[in-house]
Amino acid sequence: MTNNNMTNNNTNDTKSSDTTIFQLGGDLPVRRVGYGTMRLADGPGDPTGPEARVWTAPADRAAAVALLRTAAEAGVTLFDTADAYALGAGEELLAEALHPYGDGIAVATKVGVVRPSPTEWVPLGHPAYLRQQAELSLRRLRTERIDLLHLHRLDENFPVAEQVGALRQLQEEGKVRHIGLSEVTVAQLTEAEAVAPIAAVQNLYNLADRGHEAVVEHTAGRGIAFVPFFPVAMGGHAGPDGPVARVAREIGATPSQTALAWLLRRAPHILPIPGTTSAAHLVENLGALDVTLTEEQFGRLDKEVGGAAS
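Residues numbered from 1 in each chain as written. Predicted model: local features only at pLDDT ≥ 70, side-chain atom pairs only at ≥ 80, totals over all residues. Heavy atoms only, no water.

**Section: the layout of surface pockets**
Empty space among the atoms can be located by rolling a probe the size of a water molecule over them. Here is the rule we go by: Using protein atoms alone on a 1 Å grid, points that fit a 1.4 Å probe yet trap it form a cavity, whereas open point sets bounded by protein on both sides within 12 Å along at least five of seven lines form a pocket; residues with an atom within 4 Å of a point count as lining. Grid points are joined across faces, edges and corners, and a volume is the space filled by probe spheres set on the points. What counts as a helix is a DSSP run of H or I of at least four residues, what counts as a strand is a run of E of at least two, and both are numbered from the N terminus. Residues are grouped as follows: nonpolar covers Ala, Val, Leu, Ile, Met, Phe, Trp, Tyr, Cys and Pro; charged covers Asp, Glu, Lys and Arg; every other residue, Gly included, is treated as polar.
Taken as a whole, the largest pocket spans an internal volume of roughly 790 Å³. Surrounding the largest pocket, 31 residues form its lining, Met-38, Arg-39, Gly-49, Phe-229 and Phe-230 being those nearest its centre. Put simply, the parts of the chain that give the lining of the largest pocket at least two residues each are β7 (122-123) and α9 (279-286). Looking at the lining of the largest pocket, the element that brings in the most residues is α9, giving three residues. In terms of residue class, the lining of the largest pocket is built from 15 nonpolar, 11 polar and five charged. Of the voids in this model, the second largest pocket is the one considered here, and its volume is about 390 Å³.

Next comes the structure, spelled out in structure tokens:
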């Protein structure tokens, strides 16, 4: 291993007034629109979204590597992957594209899900298994410390304290910088916080699906990053005559940028990680950082695109 840390520890040059930057864990500055790598798997014609298999390495590996490098060059600093993405091939791809990681690049990965088949995602929270998977992630990512390690899913067969404790042990050993959780409730998060500092929570959340509103509020009050996956999923609300498109026309942005801008304005600790296989869409998503919604436009979207909001 040639790289001790994925990121630059010096945060003095990051201005606290910059609303496009969030201090992950209080000491790791990342831009608030990251990149989710889940879609860099499988091949043309495979299902996408929640039905995606994420089972094999990308059919066009060179194109995927080029896209990751384009993302870094365009200003993405937070890259999200998981050991379950293509059975570790997702982590290997990220390392191939970006290692040695330059100053400012932060990589988040996940452990805690086993993949016995292309259609199965089974939580496995045995503490020894979690630690083993983290060791494998370190090898595949070619680093000695993971910036952000998420528990991919809580396993009801093991106490939360044991599962989070395994990640805390890795943190104490210097192999993990910050700990995160995924798809958790406020009660589960609170239980985990009693075991270790939690730097981020990654839950399903977007303009049309706000079932985790309580978690957004809880994390906001504790300085924990809220990282919504599928942040641009909007269903019929994204149609040409829908509320998202209408606001997008008003501000000279695309519907995707508008949906992301709503998340960015919703709370300063929200860090969307949209995924795409298109360089054009990647640049479009990053453009959301420059989109400003008025209070009236934000409120109108909030009201008209209710989805599963609580």
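**Observations concerning unusual backbone geometry**
Where we set the bar: Buried means the residue's accessible area, taken with a 1.4 Å probe over protein chains only, is under 20% of the maximum for its type, while exposed means over 50%, and partly exposed covers the values in between.
A cis amide bond links His-99 to the next residue, Pro-100, at an omega of 0 degrees. Its identity is not glycine, yet Leu-87 carries a phi of approximately 55 degrees, on the positive side. Mapped onto the elements, Leu-87 comes out in the loop between β4 (78-80) and α2 (89-98). Note on Leu-87: relative accessible area 48%, which makes it partly exposed. In this structure, Arg-142 is a non-glycine residue whose phi angle is positive, near 60 degrees.

**Some thoughts on the sheet that holds strand β5 (residues 106-111)**
The condition that has to hold: In this description, strands pair whenever DSSP reports at least two bridges between them.
Strands sit in the order β3-β4-β5-β8-β9-β10-β11 across an open sheet of seven strands; the sheet is parallel. The open sheet has two edge strands, β3 (35-36) and β11 (225-226), and neither has a second partner. As paired strands, β5 and strand β8 (residues 146-151) are joined by four bridges and run parallel to one another. Bridge assignment links Ala-108 to a residue of β8, and that residue is Leu-148.

**A few points about the pairing of strand β9 (residues 176-182)**
Inclusion rule: Assignment of crossover handedness uses the view with strands pointing away from the viewer, where a clockwise path from the first strand over the helix to the second indicates a right-handed crossover.
The element β9 is extensively covered by neighbouring structure, given that seven of its seven residues are classed as buried. Direction of pairing for β8 relative to β9: parallel, over a ladder of five bridges. Note on β9: the bridge partner recorded for His-150 is Gly-180. In this fold, the crossover linking β8 to β9 by way of helix α4 (residues 160-172) has right-handed handedness. Pairing analysis gives three bridges linking β9 to strand β10 (residues 200-202), with the strands arranged parallel. When the sheet's bridge partners are listed, Ser-182 is paired in β10 with Gln-202.

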